[in-house]
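What follows is each chain in one-letter form.
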Amino acid sequence: MLSLNELWFVLVAVLFIGFFFLEGFDFGVGMSTQLLAKSDTQRRVLINSIGPFWDANEVWLLTAGGAMFAAFPNWYATLFSGFYIPLVFLLLALIGRGVAFEFRGKVGDVRWKRVWDGAIFIGSVLPPFLLGVVFACLIQGLPINEEMQMYAGFFDVVNAYTVVGGLTMVMLCLLHGLMFTTLRTIGDLQERARRMARRLLLPVAALFVAFGVMTYFMTDIFEKRGAVLTVLLVLALLAFLLGGYFMNVKRDGWAFGMTGAVIALLVTSVFVGLFPRVMVSSIHSAFDLTIYNAASGPYSLKIMTIVAVSLLPFVLGYQIWSYFVFHKRVHEKEHLEY
């Protein structure tokens, strides 16, 4: 049976997995407004396709951060203070993206829309890249001392491994978003999204394999959890291949599920590789942050568990209901503003 520390680690992992699966296609659609759309109307269609969902999907990230703060305050403090600048840019990108969704249609001027379209694109590329870099840093290791203080230099955060991790996440989100577009649109836009997704399969596969190989040689997670990680990576590879097959036979729902599965398995691998650690110290393993030395007290964890179990079904129920209500496709004859 799981201890409360282990339970909350699993819960934080599930929240991040849910965020990357759901917000991942939002990010991909946001990128597609510049990479796929040929006209302002098509950009409006793409934005409307995620209009009912994007803000609720971002709640998963906020909830994950809140769960970290409540259950593992030392993890939260070290992570957010050490990555203060990247996380500020992450928040600014998300804020600018949300504002752009609402403001771009308020004025008919072309230059006005171009500025906000740029904000949507940047706000869709930067967050998955920065989060990919941060998660790569977590498993690669960072200079954390015995006082749980992180003193990371520029190249501790930005290096070949973390950049590849960030690019891999960006490209997976773009692929995931293109498949969501095939589910939510019709006609020319749908077909071009499917073709672009097929063209991205090879470069995404190359990035994914490169990140996996670099992870094997540049981190210790395969030494810690090699058997489980091998299974997860094989499943991810299988999901990727099935996704490509379903794209070719135009089974868009299954293809979307497979691209989402690849993202979910990748994020799962990070948490499995870390466990029971939450941050790896590159100075000495004795200074690693774990689910035990970074956690709140037993009483706090118990109260939070009761609250979470009571409220979580309502939150999940609401989100499932919203997807059901807004499941119809969006097309160019109905490019209404959200």
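About the cut-offs
Residues numbered from 1 in each chain as written. Predicted model: local features only at pLDDT ≥ 70, side-chain atom pairs only at ≥ 80, totals over all residues. Heavy atoms only, no water. Helix = DSSP H or I, 4+ residues; strand = E, 2+ residues; numbered from the N terminus. Rg over C-alpha atoms; globule rule 2.2 N^0.38 Å. Buried < 20%, exposed > 50% of the residue type's maximum accessible area, 1.4 Å probe, protein only. Contact = heavy atoms within 4.5 Å. Lys, Arg positive; Asp, Glu negative; His and termini not counted. Charge placed at Lys NZ, Arg CZ, Asp CG, Glu CD. UniProt positions renumbered as here; feature names shortened; annotations may be inferred. Disulfide = S-S within 2.5 Å. Core = buried A, V, L, I, M, F, W, Y, C linked by side-chain atoms within 4.5 Å. Phe/Tyr/Trp six-rings, centres within 6.5 Å; stacked < 30°, edge-to-face > 60°. Salt bridge = Lys/Arg side-chain N within 4 Å of Asp/Glu carboxyl O. Patch = residues over 30% accessible without salt bridge, like charges linked within 9 Å, V, L, I, M, F, W, Y side chains within 5 Å. Areas by Shrake-Rupley, 256 points an atom, 1.4 Å probe, with all protein chains shown as cover.

A word on the overall build of the protein. Helix and strand content of the protein: 12 helices and 2 strands. Taken from the N to the C terminus, the helices and strands of the protein come in the order α-α-α-α-α-α-α-α-α-α-α-β-β-α. Taking 338 residues into account, the globule formula puts the C-alpha radius of gyration at 20 Å, and the protein, at 20 Å, falls close to it. For the protein, the spread of C-alpha atoms along the three principal axes comes to 60 × 40 × 40 Å. When each of the 338 residues of the protein is scored for burial, the buried share is 51%. When contacts within the protein are restricted to residue pairs at least 6 apart in sequence, long-range pairs at least 24 apart make up 79% of them. If the 24 positive side-chain charges of the protein are averaged to one point and the 21 negative ones to another, these points end up 11 Å apart.

The next point concerns the UniProt feature "transmembrane region" (unreviewed entry) in the protein. According to UniProt, the feature "transmembrane region" (unreviewed entry) maps to residues 6-25, 83-103, 115-141, 161-180, 200-219, 225-247, 254-275 and 303-326 in the numbering used here. Within residues 161-180, the helical portion is 100% and the strand portion 0%, while the C-alpha atoms at the span's ends are 29 Å from each other. Each end of residues 225-247 is marked by a C-alpha atom, and these two atoms are 33 Å apart; helix forms 100% of the span and strand 0%.

Moving on to the state of the cysteines. In the structure shown here, the tally under the stated rule is 0 disulfides. Unpaired in terms of disulfides, Cys137 finds its nearest cysteine sulfur in Cys173, a separation of 17 Å. Residue Cys137 is classed as buried on the basis of its relative accessible area of 0%. Judged by relative accessible area, which is 1%, Cys173 ranks as buried.

What follows is about the nonpolar core. Counting 105 residues, the largest nonpolar core has Phe16, Phe20, Phe72, Trp75, Phe83, Phe271 and Met279 as its most contacted members. Top element by residues in this core is helix H1 (residues 4-35). It accounts for 14 residues. Not counting residues up to four positions away in its chain, the partners in contact with Phe20 are Leu131, Phe135, Met169, Ile263 and Val267.

Attention shifts here to the packing of aromatic side chains. Considering all chains together, one arrives at 25 aromatic pairs under this definition. Grouped by ring-pair contacts, the aromatic residues Phe9, Phe16, Phe19, Phe20, Phe27, Phe135, Phe271 and Phe275 constitute a single cluster.

This part takes up unusual backbone geometry. In this structure, Pro276 follows Phe275 across a cis peptide bond, with omega equal to 0°. If you trace the backbone, Pro276 turns up in the loop between helix H11 (252-274) and strand E1 (277-279). Backbone geometry places Met148, a non-glycine residue, at a positive phi of 65°. The residue Met148 is located in the loop between helix H6 (110-140) and helix H7 (154-157) in this model. Even without being a glycine, Lys250 presents a positive backbone phi close to 60°. Among the secondary structure elements, Lys250 is positioned in the loop between helix H10 (221-248) and H11.

One pass over the structure, following the stated rule, counts 11 salt bridges. Residues Arg97 and Glu23 are paired through a salt bridge, measuring 3.0 Å at the closest nitrogen-oxygen approach. Taken together, the residues span a long stretch of sequence, with Arg97 in helix H5 (residues 84-103) and Glu23 in helix H1 at a distance of 74 residues. In this pair, the class of Arg97 matches that of Glu23, namely buried. Ionic pairing is found between Glu58 and Arg97, a salt bridge with its closest N-O pair at 3.3 Å. One end of the pair, Glu58, is in helix H3 (residues 54-71); the other, Arg97, is in helix H5, with 39 residues separating them in the sequence. This pair shows no difference in class: Glu58 is buried, exactly as Arg97 is.

Taken together, the side chains of Tyr84, Ile85, Val88, Phe89, Leu91, Leu92, Ile95, Val99 and Phe103 make up a nonpolar region of the molecular surface, amounting to roughly 890 Å² of accessible area. In this structure, Ile85 sits in helix H5. Looking at Ile85, the relative accessible area reads 57%, which means it is exposed.

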